[in-house]
Amino acid sequence: MGQALPGPFFDAMNNFLQSLGDSPEQSVVHFAADFQQYAKTVSIEEVISKEILRCKATSRHTAAMRSPNALNIHSGSWFCIDVIAYGDAQLIDPLTTHPSDTVFYFLSPANLSSFKLEGYDNGVFNPAARAVFQGNRPISAGDVVAVQSSEEIISLTSSEPILTLALSNRRLNRFAWDFELSQGIALRHYNNYSLSTMMELMAKMLGCYAGESSIPCLQAMLEHDSDTIKWQAAYAIMRIDPRSGIEAFKQLAASTNPSVSRSAALTLEKLQHATV
Amino acid sequence: MTLPEFKDYADANVDFHDPESLFALGEQLSMLGNNRDFLSNFMADFIHQHVKMDVLKSTISQSITIAKGRGYYMRANFWLPEADMTESEAYLFAYHQAHDHNFEMLSYTYCGSGYRTELWTYDYEKVKGHVGEVVDINPLGLHHFECGDVLLYRCNQDIHIQRPPDTPSITLNVIPTQNHLGLRDQYFFNIPDVDSTQGVITHHATSNIEARRTLFQLAGLVKSPAVVTALSDVATSYDCGRSRFEALKALAKCSPEVHSDVCHQLRDDRTPIVKHYLSTVGL
């Protein structure tokens, strides 16, 4: 974690982290103003140089990089703070939704492009959803931008690398969505959590090779929050025992996700025709 | 053989620093593989445990760890035919990419058709390790890693390309955890075809070394005395040659003056990748 500076800066830094830690889990955007004050107390140079020296002390130390461009400097139970660098001169295509709500404190200037999400519900893929361009604006060092991931995507460009300090929710949105840049068309969605993908894979494998003893765990997956996991579970049950599979798809036909309920209803219709 | 029995046997009988000893464990791994229920039971327990768990409390990587022992761990890997993969699954699979491993790995195909793999060997000690480097390789041909087969991938010797299987497949791996103290790299190569005798390093796999590289890359954007000192420190003396190389690159960005001084200081350095770097800056 970043070394605290002496005096009032030390108190400001610790007070902010303490108040975050004591707060119930909520969107980090509520802390944007406080985060801006906290960010002014953080010595990025000290944080980075200390992490380099930790690596130097032992090659077994794994640098605290949460991603290739994000150094984690603090993790709480529901939030994390990272130094993040961006180095793109052009807008990236496709646009990808933010994994969670984030507050960015800019350490260097940038150009910010904003896209509003319309018809977007993260858990329910809707091909009609759009990322609508709202405009560009310049960002100066010291500015703070709070991003509600359910409402917008921001994209940063600059001819020089952009350094930010970012406060994010650790709880990610279930899916990442890609939107085509020029017309904002929703292209695809995929799991933000590799655990979800792993459970889908397990369902597929059990459906291929397991027996009836695996049906109870697959039925438990029908209660999962993720519709993609539920779908793979139902399909796997069908492969093992068609009668249980029909019951599983009846459950999915009652889903509040229209694409799931429609697909499940169609599946049941086809099964009915197949048995007639 | 049950999983606990396998683990007990491995703990008691295998020297995980010795590839021959690891390879001999293939017999017990096959015996475990004959147990057609243990993995589905494991998955059922896993699913029951995780289906209602708060995601913030769970940790998962791209494969499932099924056992941990003294000096090793075991994992199960899932392989899908390309046509069966979702968008999410496509992100997990490294098909069609030639790579080595920076650890020994005993592998067994537990079920399904198994994947096809093209194989080569190379000499790690002759490789500097930078992107774009041309590496001499020795082709071993195409192998179908079928259900019941046992294969030992040797640390930084064997290169392979995995092709998608015909049917969903599962492999079991036993992997020693010594991992050479986080000092050995793992490479991805561009190799034109199965008979090629040269490949080109295209990038590096996620590893401690790669994490250091990305840290140094970030550091290169911060032009401060403390960062310059830390990077210089790594560049001049560190056990990992590639980390020194990456520190030099970052130093060039954040302080060209200090970078020049350090390069001159290192002009007689014998570490191959550092020598290569110095040659690119005219020393």
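The rules we used
Residues numbered from 1 in each chain as written. Chains lettered and ligands numbered in written order. Predicted model: local features only at pLDDT ≥ 70, side-chain atom pairs only at ≥ 80, totals over all residues. Heavy atoms only, no water. Axes fitted to C-alpha atoms, helices over the stretch in contact; angles between N-to-C directions. Helix = DSSP H or I, 4+ residues; strand = E, 2+ residues; numbered from the N terminus. Parallel < 35°, antiparallel > 145°, perpendicular 65-115°, else oblique. Contact = heavy atoms within 4.5 Å. Nonpolar A, V, L, I, M, F, W, Y, C, P; charged D, E, K, R; others polar. Pairing = 2+ DSSP bridges. Buried < 20%, exposed > 50% of the residue type's maximum accessible area, 1.4 Å probe, protein only. Buried area = accessible area lost by both parts, 1.4 Å probe. Salt bridge = Lys/Arg side-chain N within 4 Å of Asp/Glu carboxyl O. Polar contact = N/O pair within 3.5 Å; in protein donor to acceptor, adjacent residues only side chain to side chain. pLDDT = per-residue confidence, 0-100. Left-handed = near helix turned anticlockwise from the far one by under 90°. Core = buried A, V, L, I, M, F, W, Y, C linked by side-chain atoms within 4.5 Å. 1 Å grid on protein atoms, 1.4 Å probe; cavity = no way out; pocket = protein on both sides within 12 Å on 5 of 7 lines; lining within 4 Å. Points joined across faces, edges and corners; volume = space filled by probe spheres on them. Expected span 1.5 Å × (residues − 1).

Student: Would you explain the packing of helix α1 (residues 3-13) of chain B against helix α3 (residues 26-33) of chain B in this entry?
Tutor: Packed helix pairs are characterised by how far apart their axes lie and by the angle those axes make with each other. All names here are of chain B. Close contact between α1 and α3 brings their axes to 10 Å; oriented N to C, the two are set at 175 degrees. One way to sum up the angle between α1 and α3 is to call them roughly antiparallel. Seen from α1, the contacting residues are L3, F6 and Y9; seen from α3, they are Q28, L29 and L32. When the residues that make up the contact of α1 with α3 are grouped by side-chain class, the tally is five nonpolar, one polar and no charged.

Student: What is the right way to look at the sheet that holds strand β9 (residues 152-157) of chain A in this model?
Tutor: Paired through backbone hydrogen bonds, the strands of a sheet run either parallel or antiparallel to each other. Residue and element names in this part refer to chain A. Ordered by their spatial adjacency, three strands build an open sheet running β7-β6-β9, and the pairing between neighbours is antiparallel. Edge positions in the sheet fall to β7 (130-139) and β9, since each of these pairs with one other strand and no more. Neighbour-to-neighbour, the strand axes of this sheet turn through a mean angle of 20 degrees, independent of strand direction. Taken together, the nine bridges between strand β6 (residues 110-118) and β7 define a ladder with antiparallel strand orientation. Bridging from a neighbouring strand, S114 pairs with G135 of β7.

Student: What is the right way to look at helix α10 (residues 272-280) of chain B in this model?
Tutor: Structural remark: α-helix, 3.6 residues per turn; residues separated by three or four positions point the same way. Residue and element names in this part refer to chain B. All buried positions along α10 are accounted for by I273, V274, H276, Y277 and L278. Those residues of α10 that are buried are in contact with α8 (241-254) and α9 (256-265). Downstream of α10 by a residue or two, G282 has a phi angle that is positive, lying close to 90 degrees.

Student: Looking at this model, I keep getting lost on the interface of chain A and chain B. Mind explaining?
Tutor: Where interface size is given, it is often the accessible area lost as the parts come together that is meant. Across the boundary between the two partners, chain A contributes 56 residues, which contact 58 residues of chain B. When chain A packs against chain B, close to 4,800 Å² is buried across both sides, 73% of that on carbon and sulfur atoms. Residue K204 of chain A pairs with E89 of chain B through a salt bridge whose shortest N-O separation is 2.8 Å. Joining chain A to chain B, the criterion identifies 11 residue pairs in polar contact (both at pLDDT 80 or more). Where the side of chain A that touches chain B is concerned, the elements lending two or more residues are α3 (44-57), β3 (79-86), β12 (186-191), α4 (194-209) and α5 (215-221) of chain A. In terms of residue class, the side of chain A that touches chain B is made up of 30 nonpolar, 14 polar and 12 charged.

Student: I keep staring at the sheet that holds strand β8 (residues 144-147) of chain A and nothing clicks. Help me out?
Tutor: Residue and element names in this part refer to chain A. Strands sit in the order β1-β2-β3-β10-β5-β8 across an open sheet of six strands; the sheet is antiparallel. Every interior strand has two partners, whereas the edge strands, β1 (65-67) and β8, have only one. The mean angle between the axes of side-by-side strands here comes to 30 degrees, regardless of whether they run parallel or antiparallel. Bridge count between strand β5 (residues 102-106) and strand β10 (residues 162-169): five bridges; the pairing is antiparallel. Paired with V103 across the strands is L167, a residue of β10.

Student: Hey, could you run me through the pairing of strand β12 (residues 198-204) of chain B in this one?
Tutor: Residues in a regular strand project their side chains so that they alternate between the two faces of the sheet. All names here are of chain B. Relative to β12, strand β6 (residues 134-136) runs antiparallel, the two sharing three bridges. When the bridges of β12 are listed, D136 appears paired with Q198. The pairing of strand β11 (residues 187-190) with β12 spans four bridges and is antiparallel. Note on β12: the bridge partner recorded for F188 is H203.

Student: Got a minute to help me understand the confidence of the model for chain B in this structure?
Tutor: One rule of thumb: low pLDDT means the predicted coordinates there are not for detailed reading. All names here are of chain B. For chain B, the average pLDDT comes to 93, and 97% of its residues sit at 70 or higher. Helix α5 (residues 87-92) is the least confidently modelled element of chain B, averaging 79 in pLDDT, while β6 averages 98, the highest of any element. For this predicted complex, the interface confidence reaches an ipTM of 0.89, while the overall pTM sits at 0.90.

Student: What am I meant to see in the packing of helix α7 (residues 225-236) of chain B against α9 of chain B here?
Tutor: Residues and elements named next belong to chain B. Across the interface, α7 lies against α9 with an axial gap of 11 Å and an inter-helix angle of 20 degrees. Between α7 and α9, the interaxial angle falls into the category roughly parallel. Where α7 crosses over α9, the two elements pack in a sense that is right-handed. Of the residues in α9, those touching α7 at V228, S232, A235 and T236 are V258, V262 and Q265. Looking at side-chain class alone, the contact of α7 with α9 contains four nonpolar, three polar and no charged residues.

Student: Can you help me understand the nonpolar core in this one?
Tutor: One recurring pattern in soluble globular proteins is that nonpolar side chains are buried together. In this structure, L172 and V174 of chain B are the most contacted members of the largest nonpolar core, which totals 73 residues. If one sorts the elements of this core by residue count, α4 of chain A sits on top with eight residues. Not counting chain neighbours up to four residues away, the residues in contact with L172 of chain B comprise L29, L32, F38, L39, I66, R75, A76, L106, S107, Y108 and Y110 of chain B.

Student: Sorry, what's going on with the layout of surface pockets here?
Tutor: Summary: where empty space remains is shown by rolling a probe the size of a single water molecule over the atoms. In this structure, the second largest pocket spans a volume of roughly 440 Å³. If you trace the second largest pocket, you find 19 residues lining it, with F125, H189, D227, T228 and W231 of chain A closest to the centre. Elements represented by at least two residues in the lining of the second largest pocket include exactly β12, α6 (227-240) and α8 (258-275) of chain A together with α5 of chain B. Tallied by class, the residues present in the lining of the second largest pocket amount to five nonpolar, 10 polar and four charged.

Student: Mind showing me how you'd approach unusual backbone geometry here?
Tutor: Note the cis peptide between D93 of chain A and P94 of chain A, where omega equals 5 degrees. Within the fold, P94 of chain A resides in the loop between β3 and β4 (95-96). You will see that H96 of chain B, though not glycine, has its phi angle at about 65 degrees, which is positive. For N156 of chain B, which is not a glycine, the phi torsion comes out positive at approximately 50 degrees.

Student: Looking at this structure, how should I read α3 of chain A?
Tutor: Along its 14 residues, α3 of chain A runs 20 Å from first to last C-alpha, staying within 8% of the 20 Å computed at 1.5 Å per residue. For α3 of chain A, the set of buried residues is I44, V47, I48, S49, E51, I52 and C55 of chain A. Lining the buried residues of α3 of chain A we find β2 (70-75), β3 and β10 of chain A together with α6 (208-219) and α7 of chain B.

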